[in-house]
Amino acid sequence: MPAGGAAPTGRGPGVSGALPLRSFKLHFVEARARVVPARDASGAAFAGPGVDLVGEGAREALALAAPLVAALAAFEPGVVVRSLSVDLAAPRLLASLEPATPGADPRPRAVRLAEPALVERVLDRAGPLVRHLGERAREALARRAGA
């Protein structure tokens, strides 16, 4: 089991109030996140719009993503991650990158990891992030239901 004690695939049960996730996208440049749960609080398949995190919830998520960013840097040295999209059901990871070295091509580029063993190796570091996103999604959906 990955560090943090939760199955980051989103296919396992929710952990300590966290909803299991289908996917998420982290926008490092815009300091925001989008979360799509796999199931709602009742356990039914999630059918609503996803949850947007901004402010402190997004900043916490981006900080918890540091191990994922470090894992990507091991594959792609000398780049800065602009955004990171993760489909936990597929599993698939897509990162938008920009160079950090002077004189490099300044255009952003994308890196896609779709080989399951490779994606799982990167996501092994994502337990705390996935739990945080699942907890924030549960809270936001509870507020949405009460509105």
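Since this is a predicted model, take the numbers as computed values, not measurements.

### Some points on the overall build of the protein
Check the secondary structure of the protein and you find 4 helices and 6 strands. Reading the protein from its N end, one meets helices and strands in the order β-β-β-α-α-β-β-β-α-α. Considering the protein as a whole, with its 147 residues, one finds that 38% of them fall into the buried category. A separation of at least 24 residues holds for 54% of the contacts in the protein among residues at least 6 apart in sequence.

### A look at the side chain of histidine 27
Note that histidine 27 resides in strand E1 (residues 21-27). We classify histidine 27 as buried; its relative accessible area is 12%. Among all residues touching histidine 27, those that are not within four sequence positions of it are Arg32, Leu62, Arg82 and Ser83.

### Remarks on the pairing of E1
Among the 7 residues that make up E1, 5 are buried, leaving the element largely enclosed by the rest of the structure. Linking E1 to strand E2 (residues 32-37), which pair antiparallel, is a turn of 4 residues; within it alanine 31 sits at a positive phi near 50°. In the sheet, E1 pairs with strand E4 (residues 79-87) via 5 bridges, with the strands oriented antiparallel. Along E4, the bridge assignment pairs lysine 25 with serine 85.

What counts and how
Residues numbered from 1 in each chain as written. Predicted model: local features only at pLDDT ≥ 70, side-chain atom pairs only at ≥ 80, totals over all residues. Heavy atoms only, no water. Helix = DSSP H or I, 4+ residues; strand = E, 2+ residues; numbered from the N terminus. Buried < 20%, exposed > 50% of the residue type's maximum accessible area, 1.4 Å probe, protein only. Contact = heavy atoms within 4.5 Å. Pairing = 2+ DSSP bridges.

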